[in-house]
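Coordinate analysis (summary)
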Amino acid sequence: MSEDEEKGYEIAPWRLRWRGLDLHELHRTESTFALSNGHIGMRGTFEEGEPRGLPGTYLNGFYERRPLPYAEAGYGYPEDGQTVVNVTDGSIIRLLVDDEPLDMRYGTALFHERTLDFRAGTLRRVTEWESPTGRRVRITSERLVSFTSRALVAIRYEVEPLDGEVELVVQSDLLANEPIESATKDPRVAAALDDPLVADAASASDMRATLAHHTRSSGLRMAAAMDHQVEPLEAAQCRIQAEGDLARLTIAVDLPADGKLRLTKYVAYGWSAQRSSPALQAQVDAALAQAVETGWDTLAHRQREFLDHFWSVADVEIDGDTELQQAIRFALFHVIQAGARGETRAIPAKGLTGPGYDGHAFWDTEMFVLPLLTYTLPDAARDALMWRYRTLDKARARARQLGQAGAMFPWRSINGDECSGYWPAGTAAFHVNADVANATARYLAATDDEQFAEECGIELLVETARLWISLGHHDAHGEFRIDGVTGPDEYSAITDNNVYTNLMAQQNLIEAARYCERYPAVARYLDVTEEEAARWRAAAEHMRIPYDEALGVHPQSDGFTHHAEWDFAGTPAENYPLLLHYPYFDLYRKQLVKQADLVLAMYVRGDAFSYEQKAANFAYYEALTVRDSSLSACVQAVMAAEVGHMELAYDYLAEAALTDLHDLHDNVRNGLHIASLAGAWMACVAGFGGMRDCGDRVEFAPRLPPRLTRISFNLRLRGREVRVDIGKEEATYHLRSGAPMRLVHHGTDFKLGAAPERMPIPDLPPISPVRQPPGRAPIARSEL
Ligand code: BGC
């Protein structure tokens, strides 16, 4: 690589390309170049296995159980944790060039680039390498994790000599129990697992090999198998072996100067808690037979077709900022990778791109990821809600264990059991239950999916509503209070009447009552009586929403505005995130906000606040919010846009979209921040588009930030496809398919039919400046 060639991500609208070899960046690019279909995830490691940052192949729902130790145990603490397992790695293809192993730490990388192609859905690599003894070869590889055959990974790997004939040996591996080094005190990093897989079976014949394993403690079983096509086959000597944790196909070939070796590798994965190891081995064998029959070209073609469809309904176009355009598509691509084929399994906070947060799913799914999926790929949203539905029995059991009615979903989990051992920022974040209800109601309103309503949705609404009734109470003044909870802001804990939680619970109760009225047979089946629904309505009606009259703002929870202020001026920049540098007790008792909480309430329950309250609350919380969570910037973007801070909204959109590409939280090595990536979509659609789905109507209030000249997006709404084009002066609405519908534009109701509707964008209302804590303002994009 010549010195002056630019390194880093190249800006281009439809791909992410990294030019040059920078070994220190590997752990980051392995996350950004990860491929996944929501079922299988594979980090962007080099085929040759080394050098590497953090290798990782993950299967959705495949975890190891480990004890959660407590210094002082208490009733109801979860006893076990779960950690996602780095399973059998099928990406490895080692190469020896005239006996010299290709290892980019040695020799010279004459040319090296990797490209994540958002439309092809593949990761491509071109490397020209000179061995320490001076032999030159070109490696071209392309891999995909199939959206259409969800058990499959395919890799096409080619080697060409660049300076005359050469002797090559290729070793294509399946490798289990790769050792991973991990030494950190950061609680957001996965617990280290040593040798999590126990070998059950290994077999090999022809070009195909299978390894089967199970986990020691959780008892999950898996099988991985690989098959190959080699061209030219006649010239190659092949040998295959499999034992324990390793299966290997070895290919020796002498290539002439103008020759090329092409290896196509298919890898299939199967895993289960129920099925036997022989059944899983048979399953991956069948998947491979199908893959070989289908072939690389067809798999690649189907991958593109799947994505063509996705982009036609989900693309967001941005004119005026090419880096942001790329970042938005990168974001959409990774969200669809996380959510496309999860199929009744969870969507983890990191997707399947890394082991961060132990591979757990949080409320991130319902409040950040599902809005995007609901309005673009609703079936994927339904499947994610199905995961919650399938874990409802566990959630009921957890509620019983804690003496509550209804269902109590876990704060963090892989299989539906609570895995948070820290009450104040774990189970006490009861809002996750209302978040599940909110996502359910949103999905039902957006799709009119009656079958899901009857079979699953109403039950989710009812069981979560029941929780609120048992968790809260009417006080002597008749107000319904929900005390002792943690809201989204994890720098306050166990507070009374968190506004976000109470407003979300209120909506949960109202929706449960409404759907029970609409579907009386389902209500009867769920034993909902008139009296019970009346209790829900009464609690909703009398829900306590604290307000500080003196300051003219909503306290985030009772008493919040009376707390001491955090000493921002005395907090050095390197002490962020604060959770790694200050004791929680001190964070908890100060006016300090980790992430949007009251501000999120104003977005999702905008109907509960006047415009003046929104502007005043936004300014107040802006000065307290440090954004130590990546879930904050996108929400601040939405509310900044609503109250008229367009430039600030734009900076927050950029922060959400670039969180991983710029590694703003310095932890992208552990996986991508899927909620923030989905939040970039939210910032465009709900922020600059002003989109609010109010159940009975859909409203827009589009307005651009100064630097952009256009934003366009598409939505699937109530069986239609609607396109919104936002310009400087006007917005245009198009009905791309489906029956005419009524929409609202900046408060004006209109009917959208076959002809596009152009609507003027009103002038901005006057606004007063806002400020952030010193040093915590977002990067001003206009100054870049
Ligand atoms: C945030 C949570 C979030 C979790 C996983 C934490 O830092 O505070 O709100 O659910 O990360 O993304």
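Notes on the structure in this doc start here. In every chain, residue numbers begin from 1 and rise along the written sequence. Since the coordinates come from a predicted model, pLDDT governs what is reported: local features require at least 70, and pairs of side-chain atoms require 80 or more to be given and counted, while whole-chain, interface and lining totals use all residues. Water and hydrogen atoms play no part in the side-chain values, which are based on all heavy atoms of the structure.

1. Some points on the nonpolar core
We define a nonpolar core as any set of buried Ala, Val, Leu, Ile, Met, Phe, Trp, Tyr and Cys residues linked to one another through side-chain atoms lying within 4.5 Å. Residue burial is assigned from relative accessible area. The probe radius is 1.4 Å, only protein chains are included, and a residue is buried under 20% of its type maximum, exposed over 50%, and partly exposed in between. The biggest cluster of nonpolar side chains holds 225 residues, and the ones touching the most others in it are Tyr269, Ile328, Trp363, Leu373 and Trp536. An automatic or database domain assignment provides the domain bounds reported here. Mapped onto the domain boundaries, this core takes at least three residues apiece from domain 1 (3-309) and domain 2 (315-418 + 425-472 + 480-722). Setting aside its immediate chain neighbours within four residues, Leu373 contacts Ile336, Gly339, Ile347, Pro378, Ala380 and Ala381. Counting 16 residues, the second largest nonpolar core, distinct from the first, contains Ala154, Tyr266, Leu288 and Ala291. Whether two residues are in contact is decided by their heavy atoms, any of which lying within 4.5 Å being enough.

2. Thoughts on the packing of aromatic side chains
Only Phe, Tyr and Trp rings are paired, with Trp represented by its six-membered ring, and only when their centres lie within 6.5 Å; those with planes under 30 degrees apart are stacked, over 60 edge-to-face, the remainder tilted. Inspection of the entire model under this criterion finds 24 aromatic pairs. A centroid spacing of 5.9 Å and a plane angle of 35° characterise the contact between Tyr422 and Tyr584, whose relative ring orientation is tilted. On the criterion of sequence distance, the pair formed by Tyr422 in the loop between helix H6 (392-401) and helix H7 (431-447) and Tyr584 in helix H12 (residues 584-588) is long-range, its members being 162 residues apart. Plain terms: the ring middles of Trp566 and Tyr582 are 5.0 Å apart, the flat faces sit at 85° to each other, and that makes the pair edge-to-face. Here Trp566, found in the loop between strand S24 (564-565) and H12, pairs with Tyr582, found in the loop between S24 and H12; they are 16 residues apart in sequence, far enough to count as distant. Every member of this aromatic cluster is reached through a ring pair, and the members are Tyr357, Phe362, Trp363, Phe368, Trp411 and Tyr500. The side chain of Arg329 reaches across the aromatic face of Trp14, ending 3.7 Å from its centre. For the purposes of this entry, the term helix denotes a DSSP run of H or I that reaches at least four residues, the term strand denotes a run of E that reaches at least two, and both are numbered from the N terminus. Note on geometry: a ring has a charge over it if NZ (lysine) or CZ (arginine) is within 6 Å of the ring centre and within 35 degrees of the ring normal.

3. Structural notes on the pairing of strand S14 (residues 166-175)
Of all 10 residues making up S14, eight are buried, and the element is well covered by its neighbours. DSSP calls a pair of strands paired once it identifies at least 2 bridges connecting them. Examined bridge by bridge, strand S8 (residues 93-97) and S14 share five bridges and lie antiparallel to one another. Each bridged residue has a counterpart across the sheet, and for Arg94 the counterpart in S14 is Gln171. For S14 and strand S19 (residues 246-255), the ladder comprises 10 bridges, and the chain directions are antiparallel. Its bridge partner being in S19, Val169 is matched across the sheet by Ala252.

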